[in-house]
Amino acid sequence: MCGRYALYGPVSRLSEAFEAAPEGFAFEPRWNAAPMQWLPVVRQRPNGERVIQLLRWGLVPSWAKDEAIATKLINARGESVAEKPSFRAAFRRRRCLVPANGFYEWQPLGDRQGGGKQPFYIHPVGGEFFALAGLWERWTRPGDGEAIDTFTIVTTEANAAMRPLHDRMPVILAPGDWWAWLNGATAADQVQALLRPCPEAALAAYPVSTAVGNVRNDAPALIQPVWDRLRKRKIKHVKPVAVVATV
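Every residue gets a number counted from 1 within its own chain, in the order that chain's sequence is written. At least 70 in pLDDT is required for a residue's local features to be given in this predicted model, at least 80 for side-chain atom pairs to be given and counted, and no such filter applies to totals for whole chains, interfaces and linings, which use all residues. Side-chain measures were taken over the full set of non-hydrogen atoms in the model, leaving aside hydrogen atoms and water.

So, the packing of aromatic side chains
- Each Phe, Tyr or Trp ring (for Trp, its six-membered ring) is paired with any other whose centre lies within 6.5 Å, and the angle between the two planes then decides the class: stacked below 30 degrees, edge-to-face above 60, tilted in between. As enumerated under the stated definition, the model contains ten aromatic pairs in all.
- When the centroid spacing of 6.4 Å and the interplanar angle of 45 degrees are considered together, the rings of Y104 and W106 count as tilted.
- Only when the NZ atom of a Lys or the CZ atom of an Arg is both within 6 Å of the ring centre and within 35 degrees of the ring normal do we say a charge sits over the ring. Against the face of W136 rests R43, its NZ or CZ located 4.2 Å from the ring centre.
- Against the face of W181 rests R95, its NZ or CZ located 5.6 Å from the ring centre.

Digging into the pairing of strand β11 (residues 147-157)
- Only protein chains enter the calculation, and the probe is 1.4 Å; a residue is then buried if its accessible area is under 20% of its type maximum, exposed if over 50%, and partly exposed in between. Under the scheme used here, helices are H or I runs from DSSP no shorter than 4 residues and strands are E runs no shorter than 2 residues, and both carry numbers assigned from the N terminus. Along β11, nine of the eleven residues are buried, which leaves the element largely enclosed by surrounding structure.
- Note: two strands are recorded as paired if DSSP finds a minimum of 2 bridges between them. Sheet topology note: the strand β6 (residues 75-77)/β11 ladder contains three bridges and is parallel. Bridge assignment links R77 to a residue of β11, and that residue is T155.
- Sheet analysis places strand β10 (residues 130-140) next to β11, joined by seven bridges and oriented antiparallel. Looking at β11, one finds that T140 is bridged to A147.
- Adjacent in sequence and paired antiparallel, β10 and β11 are bridged by six residues, among which G143 carries a positive phi angle near 100 degrees.
- By the bridge criterion, three bridges tie β11 to strand β12 (residues 168-170) in an arrangement that is antiparallel. In the strand pairing of β12, T156 is matched with M169.

Given below as structure tokens:
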């Protein structure tokens, strides 16, 4: 799954990287983006124009009676996204890109390693942003009629590099696939083919502070490596992602 990520690149770089115009928002850097927060998402208009807009993380299907369902729909499994009622309409017509500088995953530790879970920060190799595959929906709140746009992140099976951390990972789209994903006219089988693990060499990872587990913590220190801390705890057998980078 994907339950936390970081997006701290300035809006100007975000706009340049995704060839999209920011629309009607001011965005503060997030080192601990979490569900139910309003976050930048790239959408494409029918004329091909890309825009960056704030949507709330946690999908609310248009037919939902209660927006509380959003907390259960922060991720969509790529294997069933075309059939599952919560996602199938969005998968056909409302696909988006979720920009991220990196995302977090937690690796369970055995008893000999002190137990608990060790968070890792996964970031792109040779690039500034990931483009995570997303879906969006518009839900109208009963009573006041307010329209709320929400999104979910599509996941797939983990590649060999991510598997030591988790059996799932977000779908990371290569720039050459962005148009096909965003274009509502793309054939269904072509879109489905994009829901695959990214190449292992595209990822790098390192351990970070457990402070990221608290959503109230949101600062640059969260993405700093903590190799020394692991050594002090005498954790010798933590297997990080295959390609490891330090900052």
